[in-house]
Amino acid sequence: PADGSLLSGHSAENPQKMWGMDLITRLNALIEDPRLLKEFSRVTVDACNGIIEEVSGGREAAEIAVAGNTVMEHVLLGISPAGMAKVPYKPAFKEAKRLKAGDTGLKAGPDTLLYVFPIIGGFVGGDAVAAALYLNMRLSGKTVLAIDVGTNSEVMLSFGGNIYAASAPAGPAFEGSGISSGMRADKGAIQGVAIEGDKVLLDVIGGGGGGLPKGICGSGLLSATGALLTAGAMEKSGRLRNRSEIPGNLANRIREDNRSGNSFVLFRGPSGEVALSQSDIRSLQASKAAIRAAVEVLMTKSGAGREEIEEVWLAGAFGESLRDEGLFAIGLLDRGLKGKLRFAGDAALLGAACVTGNEDKKHEAGLIAKEAKYVSLSGTPAFEREFIKHMDF
């Protein structure tokens, strides 16, 4: 409808995961064998068509808007993202694309418009532009920090009439990938953990508090880490303590291993265990340090101080299930920003909804992409210094 609200929705797993669970691994696969681009594009278009069929109810779309990361937008259009494989991470295009949707293989009528969001630069893609559009970052006049949490986390800061944008290489931990008991935020996933004395309380998706856990998703990983820290089962360095160092029955949940490090068992059941390993915690540390370092670099670059930031928006599907205390407990955000945190939901999706049938919003998206100041973090001393500084919880 005209107000940009959502009438229906559907989601699908990224079919590109067969070539790697994270963006960089998939990109490397494309570089090693350029012939894979056609297959990458085909499975992506097929996944989009499945979603179109689910949400359209057989009706023909007048317009389709796409907001994705830089590599995904290239792949969807069958354009090689080879320039993204090395410094200076140069995309083949940055401007918005307007095409006939059917020409890309999407199931659409002959006159259906496909609008693909413009790219800011490097790995800060159309999804970041869509999020900034939805949050009105260019026009509000407010000092706003926005973080889209994912494998490739985008961080944006509006200050003094400018938008500063960077991409933080956070890795897949926030999405539950690469974690020993990790899974998507789906039914059976632990999404929240609280420790009260010797009791471990689990919030399980689809379980109403009593469902049997199958694994742990990104928000559960973050929540569990914060709970372990508060309960004293883990040091600020991220080291899981030995049984002898933990008072009470909570110590019985520690599974000791001198070689690979300790694990903490969150759940034991007839089908097995759900546990957090020392390696899982190290992965989370690296992820949160990358995002926090990106925030600190953008604040320095823009000249904005913590006291000047009016709103902090956490975006992305992952952000919807987060608990704000966990974010501050592990140090992903400075405690000085507490009280300013807001959850934007899937801001990229909502931004894409804004532009459909709206030329003014498309123009605004173009201005955001053109005017935003892209800040490259890769290999810079400032980023590396902040990354190391914020590794501890």
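Our structure's up above, just so we're on the same page.
Remember, it's a predicted structure, so these values are computed and weren't measured experimentally.

Below, the discussion takes up the nonpolar core. Residues Leu 145, Ile 147, Phe 264, Leu 266 and Leu 333 are the most contacted members of the largest nonpolar core, which totals 63 residues. Counting residues per element, this core draws most heavily on helix H6 (residues 278–302), which supplies 10 residues. Here Leu 333 is in contact with Ile 147, Arg 292, Val 312, Leu 327, Phe 328 and Leu 341, once residues within four sequence places are set aside. Counting 28 residues, the second largest nonpolar core, distinct from the first, contains Val 124, Ala 128, Ala 344 and Ala 347.

What follows deals with the packing of aromatic side chains. Tallied over the full model, the rule gives four aromatic pairs. With 4.2 Å between their ring centres and 25 degrees between their planes, Trp 19 and Phe 40 make a pair best called stacked. Of this pair, Trp 19 sits in the segment before helix H1 (23–32) while Phe 40 sits in helix H2 (residues 36–56), and the two are 21 residues apart along the sequence. In this structure Trp 19 comes out as buried when scored by relative accessible area, which is 18%. In this arrangement the basic side chain of Lys 97 is found over the ring face of Phe 93, its NZ or CZ atom lying 4.9 Å from the centre. It is Lys 362 that lies over the ring of Tyr 115; its NZ or CZ is 5.5 Å from the centre.

Residue Val 87 is joined to Pro 88 through a cis peptide bond whose omega torsion reads 15 degrees. Looking at the element boundaries, Pro 88 is found in the loop between helix H3 (70–76) and strand E2 (97–100). We note that Tyr 89 has phi near 55 degrees; this positive angle belongs to a residue other than glycine. Within the secondary structure, Tyr 89 sits in the loop between H3 and E2. Here Tyr 89 falls in the buried class, since its relative accessible area comes to 19%.

Let us look at the pairing of strand E11 (residues 263–269). The side chains of a regular strand alternate, residue by residue, between the two faces of the sheet. The element E11 is largely enclosed, with a buried count of five among its seven residues. Where strand E10 (residues 254–255) meets E11, two bridges bridge the pair, whose relative direction is antiparallel. Across the sheet, Arg 255 pairs through a bridge with Ser 263, a residue of E11. Two elements, E11 and strand E12 (residues 272–277), share six bridges in a ladder whose sense is antiparallel. Residue pairing in the sheet places Val 265 in a bridge with Ala 275 of E12. Joining the antiparallel neighbours E11 and E12 is a turn of two residues.

Conventions and cut-offs
Residues numbered from 1 in each chain as written. Predicted model: local features only at pLDDT ≥ 70, side-chain atom pairs only at ≥ 80, totals over all residues. Heavy atoms only, no water. Core = buried A, V, L, I, M, F, W, Y, C linked by side-chain atoms within 4.5 Å. Buried < 20%, exposed > 50% of the residue type's maximum accessible area, 1.4 Å probe, protein only. Helix = DSSP H or I, 4+ residues; strand = E, 2+ residues; numbered from the N terminus. Contact = heavy atoms within 4.5 Å. Phe/Tyr/Trp six-rings, centres within 6.5 Å; stacked < 30°, edge-to-face > 60°. Lys NZ or Arg CZ within 6 Å of the ring centre and 35° of its normal. Pairing = 2+ DSSP bridges.

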